[in-house]
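Observations on the model geometry
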Amino acid sequence: MNVDVIEDERQHQFVLNMGPQHPSTHGVLRVLLKMEGEYVLDPQPVLGYVHRCHEKIGEYKPARAFMPNTARMDYLGALIYNQGYAMLLERAAGIEVPRRAEYIRVITSELNRIQSHLLWYGAYLLDLGAFTPIMYAFDDREHILDTLEDICGSRLTYCYCRVGGVCKDIDDKFIERTRAFIERLRGRLPMYEKLVNGNIIVQKRMKSVGNYTPELCARYGVTGPLLRAAGVEYDLRKAEPYSVYSEFDFEVPTEQQGDAWAAFNVRYREIEQSLRIVEQALDKLPEGEVMEAKVPKKLRLPQGDYNCSVEAPRGELSYYLVSDGSDIPYRIKVRTPSYSNLSVVPEVCKGMMIADVVTSMGALDLVIPEIDR
Amino acid sequence: MQTLNSYAPEIIRIVMAVVGGAVVVFGNALVMGYMERKLAGHFQRRTGPMEVGFHGLLQLVIDGIKLMSKQLVIPAKADKPLFMLAPIISFAPVFLPLLVIPFSDRIQGFDLDVGLLFVLAIASINVLAVLVAGWASNNKYSMFGAFRAVAQNVAYEIPMLLSLLAIVFMTNTFSLRGIVEAQTVWFIVLQPVAFIIYLICMVAETNRAPFDLAEAESELTAGFHTEYSGMSFSLFMMAEYTNMFIVSCIATVFFLGGTSGIPLPYFEYTGIIWFLLKVYLFMFFLVWIRWTYPRTRFDQLMNLCWKYLLPISLVNLLITVVVVKL
Amino acid sequence: MKAYFTELFTGAWSLIVGLTVTLKALFSPVVTVQYPRQKIDVTPNYRGHIDLIKDPETGTHRCITCGMCMRDCPSDCIYLEGEKQEGVKGKVLTLYTLDYTKCSHCGACVEVCPTQALDYCDDYEVAGFAREDFHYDLLKRVEERE
Ligand code: SF4
Ligand code: SF4
């Protein structure tokens, strides 16, 4: 709810420091809130508490060695970050990826997206004060993690993609478990709807909190579910289908209201769409190799600039690489979605109550290490 | 000498009532502490405490020892005397309402004519403690929590009292014993609207989720008790649990017929079994909704009170009065 | 007025529906395990830190001290030394240390090794009090292993 705030009553105003350690900032983000009573006049995010120089590290190592770093930027979308970086290098070095590997990348990435959304779902409701949904969401998420662990060997910061494919083929057990999981999650979604989505308190808390318009999103570079909540049907998987996404039949959920409730629904419906993609990919899974055989040991990228964008759970992720012809990149730039998404906070959260600031920051689905890199 | 003799049974009665009150306060804190965690666990398909004792039964004892042995940290800029006083203000008065509650026909400290008013008056002292705690901590989050608590409790006392008044009109007495005795049919049947309003107000009055705005941890870290640790924190906790117990007792007395139930031998005393059963049913409800719902926003909380509860309870009161007079 | 009551009743109904969900969960079996007492089997594909494989035929590791793993590791956490010994072809491994605090589980070393001398182990309970607890001597580990 937005209110007009009387600007000159200085003596009533004070600064509230939300973070770096605060239960609802999910990491070390600090937001300086200039307050008047319960109302926030001017929220200012302060970044840099988990800056780890990932981009700079990339300039000192062979291009391929940056792969594990990508997983550490967004620990919830690690496979998608892996995939994006692998695609960048493949594009730069002109390497074809076997179709089976592309399919496996899509399957694992979509599973990764589902687990990211499930975690967000739980954590967001935790922000709103409901303790139980996060436990149920974790219960489901655990099944994805177990399945992925069986293939990738780790649970969170996977390093699964390789230049020219993936490091390990999936087996029948994986396919079986994934299918079982799809069944299971489909069966659980009505439960979530009953417990959370239909709940009047949840709806009251989220509806008309935040006002995202397509124009505002364009100005700040907001992408992902938030942009789709503002009514723009823009999803890189559909807009410029990379990998094999053009072969699947799925929808891009959009909402028109541009508030937290719309963002909530977009993300929630994306879970279902991702399930559809995984299901189709499992059906169509081609046989063959998962690793291109002719990948040089030392990956020399021809001189030039390269760019590659993928749709991460939080929005558009872009890698930009400048090569001077050696095997070490001259510069790597990563455009992470949360960074741009966070930048709307000062404008959108102005004049809100503090509880609404928590709601609308939760709707951004921030992953702090991704913002600071 | 003779006067002293005639006072002696009265003194014994007072001592027993006070001791009984203390037993209830601490016993209830232990039971509720355990029940809350265990239920929270199972609501979330976890096990809850399991390590200390059989299925974690002794967990609360261990926690108590831990809290007692912790250092009392007083923030440097806090108002020290008030900071120390707040938990005491919160905890000390919770014994008093227990004295007038008719646990069974014979187990009751005193039967005051104005029992209901007494209980409500004492219960509202808790707000003062929260305000003092929030102010003395010299912390913005605590301050927020305190102000929210005051606004909330003041607002919700009105529909709470109005819904109970409907029953007072029916029974013509403020005495809790009198109300229990007047119930041939449980008032939950005759006054369902009042019951639901009371149920909501009872959650708000005890600052429990989904109305735990005063300690909304995702917004205010821990609200009014952000700066409290160790024993002073546990005094707040015990006060909260006792307040829950008291409002549940009132609900039992007013709507579930107090001790009434299947007759047991020595019913003047054993009625307490039924009474406590009903009380813990309400407590279960409080825990249940806490682990189901998200928190409301502050203005919505106020809207609920002023827009829905207050008018409905007024209408309910009006209808009751008209029906009683007819 | 109509909206007022519709909202009241749909709202109240949604709250009751929510309560049934948690009530059902209350009587459902728990899904957690009591960790240190109960353990879940760790998948054989789990990638813990790397270890030298003990070759069942020779009874020792297969490393030929080529140094590829050391060169390829993006985090510089492998250090190895070898020396020429009488009567043995090539170099003999004398020291192989892994600084696990830096390892990023990328798998470069395992994949690059020409003799498949390395593999991931499945230790997942790794906790220690000092950094040095994670400086593993893999040569010693392979000799100690059954
Ligand atoms: S797994 Fe990667 S980081 Fe770890 S030792 Fe091997 S090459 Fe180095
Ligand atoms: S790559 Fe393999 S053979 Fe070469 S030094 Fe490393 S472990 Fe030994």
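Now for a look at the structure at hand. Everything numeric in this text was worked out from a predicted model, so none of it was measured.

1. A few points about the sheet that holds strand β2 (residues 30–36) of chain A
Residues and elements named next belong to chain A. Taken together, the 3 strands give an open sheet; going across it, the order is β1-β2-β3, and neighbouring strands pair in antiparallel fashion. Looking at which strands have only one partner, the edges of the open sheet turn out to be β1 (13–18) and β3 (39–46). Here the strands of the sheet are splayed against their neighbours by 20° on average, with no regard to which way each runs. The pairing of β1 with β2 spans 6 bridges and is classified as antiparallel.

2. Digging into the site of ligand 2
Near ligand 2 you find 13 residues, and of these C63, C66, G67, C69 and C113 of chain C are the closest. By residue class, the composition of the shell around ligand 2 is 10 nonpolar, 3 polar and no charged.

3. A short note on the interface of chain B and chain A
Every contact between the two is made by 24 residues of chain B and, on the other side, 35 residues of chain A. The contact between chain B and chain A buries some 2600 Å² in all, and 60% of this surface belongs to carbon and sulfur atoms. Of all residues in chain B, F144, P294 and R297 of chain B bury the most surface against chain A, accounting for 24% of the area lost on that side. On the surface where chain B and chain A come into contact, there are 1 salt bridge. Put simply, D356 of chain A and R297 of chain B hold a salt bridge, and the shortest N to O gap is 2.8 Å. For the pair chain B and chain A, the number of links is 9 residue pairs in polar contact (both at pLDDT 80 or more). Elements that contribute at least two residues to the side of chain B that touches chain A include exactly α7 (140–171), α11 (217–220) and α14 (298–325) of chain B. With 4 residues, the single largest contributor to the side of chain B that touches chain A is α7 of chain B.

4. Looking at the packing of aromatic side chains
Residues and elements named next belong to chain A. A complete count under the given rule lists 31 aromatic pairs over all chains for this structure. On the numbers, 5.1 Å between centres and 75° between planes, the contact of Y242 with Y245 is edge-to-face. Across the pair, exposure class does not vary: Y242 and Y245 are buried alike. Taking the ring centre of W120 as reference, the NZ or CZ of R267 above it sits at 4.9 Å.

5. Considerations on the side chain of S90 of chain B
Locating S90 of chain B in the fold gives a position in helix α3 (residues 80–91). Residues contacting S90 of chain B, with those up to four places away along its chain left out, are N126, A129, F236 and A239 of chain B.

6. Observations regarding the pattern of salt bridges
Residue and element names in this part refer to chain A. Counting across every chain of the model gives 48 salt bridges over all chains. The salt bridge involving R237 is made with E110; its shortest N-O contact spans 3.1 Å. In this pair, R237 sits in helix α10 (residues 236–239) while E110 sits in helix α4 (residues 99–127), placing the two residues 127 residues apart along the sequence. Both residues of the pair, R237 and E110, count as buried. Here the salt bridges do not stand alone but share partners, grouping E110, R113, R228, D235, R237, E270 and E311 into one network.

7. A look at a negative patch on the surface
All names here are of chain B. Together, D105, D111, D113, E181 and E268 make up a negatively charged patch on the protein surface. Relative to the helices and strands, D111 is located in the loop between α4 (95–100) and α5 (115–123). A residue is classified by how much of its surface remains accessible, and D111, at 37% relative accessible area, is partly exposed.

Calculation criteria
- Residues numbered from 1 in each chain as written.
- Chains lettered and ligands numbered in written order.
- Predicted model: local features only at pLDDT ≥ 70, side-chain atom pairs only at ≥ 80, totals over all residues.
- Heavy atoms only, no water.
- Pairing = 2+ DSSP bridges.
- Helix = DSSP H or I, 4+ residues; strand = E, 2+ residues; numbered from the N terminus.
- Axes fitted to C-alpha atoms, helices over the stretch in contact; angles between N-to-C directions.
- Near = heavy atom within 4 Å.
- Nonpolar A, V, L, I, M, F, W, Y, C, P; charged D, E, K, R; others polar.
- Contact = heavy atoms within 4.5 Å.
- Buried area = accessible area lost by both parts, 1.4 Å probe.
- Salt bridge = Lys/Arg side-chain N within 4 Å of Asp/Glu carboxyl O.
- Polar contact = N/O pair within 3.5 Å; in protein donor to acceptor, adjacent residues only side chain to side chain.
- Phe/Tyr/Trp six-rings, centres within 6.5 Å; stacked < 30°, edge-to-face > 60°.
- Buried < 20%, exposed > 50% of the residue type's maximum accessible area, 1.4 Å probe, protein only.
- Lys NZ or Arg CZ within 6 Å of the ring centre and 35° of its normal.
- Patch = residues over 30% accessible without salt bridge, like charges linked within 9 Å, V, L, I, M, F, W, Y side chains within 5 Å.
- Areas by Shrake-Rupley, 256 points an atom, 1.4 Å probe, with all protein chains shown as cover.
- Lys, Arg positive; Asp, Glu negative; His and termini not counted.
- Charge placed at Lys NZ, Arg CZ, Asp CG, Glu CD.

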